[in-house]
Amino acid sequence: RPLPPVVIFVHGGVWCHSRAWNYRLVGRRLQQEGFAAAVLGYGLYPAQTVPDMVADIRLALAWLREHSDALAVDPLRIALLGHSSGGHLCALAALAEGLPGVAAVATMNSPMDVVEHYKFEQQRGVAE
């Protein structure tokens with residue numbers, strides 16, 4: 001039986017709050033579809049910066065690869081999936097220099113042009 005691919009799901013939350021527990025259902029659904037799933041948390045703003053958050057994702061990827069035998073997962077088929085700010089971090093992690101390659105990256109409702117997103121948030125009265 002082939003080893004299952006891994007999907008690392010990275011939560012949203014405007015880079016500053018986490019409801020990662022809320023995404024357990026995503027992990028369960030991925031498992032039902034034959035994937036191994038990891039719902040990843042990361043350090044949050046203001047205690048952490050975006051580069052720190054990307055480093056957290058990179059560490060998780062390295063850890064999963066290092067422990068793939070014990071976890072019985074395919075280390076060559078790891079995908080990043082993120083919602084909102086989590087998708088932004090997934091894209092940055094995938095593009096980071098020296099990052100071990102990932103098989104796929106998918107984002108859901110994620111800001112990719114942060115300057116435009118900031119302007120949008122200012123209009124809503126959310127940004128200072």
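Scroll up to find the structure this text is about.
Now for a quick tour of the structure. Not measured: the values here are computed from a predicted model.

**Quick notes on the overall build of the protein**
No. 1: If you tally the helices and strands in the protein, you get five helices and four strands.
No. 2: Secondary structure elements of the protein, listed N to C terminal, follow the sequence β-α-β-α-α-β-α-β-α.
No. 3: Over its C-alpha trace the protein gives a radius of gyration of 15 Å, about what one expects of a compact globule, namely 14 Å for 128 residues.
No. 4: C-alpha atoms of the protein, sized along the principal axes, occupy 55 × 30 × 25 Å.
No. 5: Across the 128 residues of the protein, 35% fall into the buried class.
No. 6: Here the analysis covers contacts within the protein between residues at least 6 apart in sequence; of these, 71% occur between residues at least 24 apart.
No. 7: The positive charge centre, built from 10 side chains, and the negative charge centre, built from 11, are 10 Å apart in the protein.

**As for the side chain of Asp74**
No. 1: By the element assignment, Asp74 lies in the loop between helix H3 (68-71) and strand E3 (78-83).
No. 2: In this structure Asp74 comes out as buried when scored by relative accessible area, which is 15%.
No. 3: Looking at Asp74, its side chain comes within polar contact range of the main-chain nitrogen of Leu76, at 2.9 Å.
No. 4: Contact partners of Asp74, with chain neighbours within four places excluded, come to Leu3, Pro4 and Val6.

**Comments concerning the pattern of salt bridges**
No. 1: For the structure on display, the rule yields two salt bridges.
No. 2: Where Glu33 meets Arg29, a salt bridge forms, and the shortest distance between an N and an O atom there is 3.0 Å.
No. 3: Accessibility expressed as a relative area gives 49% for Glu33, which makes it partly exposed.
No. 4: For the salt bridge of Arg77 with Asp74, the shortest nitrogen-to-oxygen distance reads 2.8 Å.
No. 5: The class of Arg77 is partly exposed, set by a relative accessible area of 37%.

How each quantity is defined
Residues numbered from 1 in each chain as written. Predicted model: local features only at pLDDT ≥ 70, side-chain atom pairs only at ≥ 80, totals over all residues. Heavy atoms only, no water. Helix = DSSP H or I, 4+ residues; strand = E, 2+ residues; numbered from the N terminus. Rg over C-alpha atoms; globule rule 2.2 N^0.38 Å. Buried < 20%, exposed > 50% of the residue type's maximum accessible area, 1.4 Å probe, protein only. Contact = heavy atoms within 4.5 Å. Lys, Arg positive; Asp, Glu negative; His and termini not counted. Charge placed at Lys NZ, Arg CZ, Asp CG, Glu CD. Polar contact = N/O pair within 3.5 Å; in protein donor to acceptor, adjacent residues only side chain to side chain. Salt bridge = Lys/Arg side-chain N within 4 Å of Asp/Glu carboxyl O.

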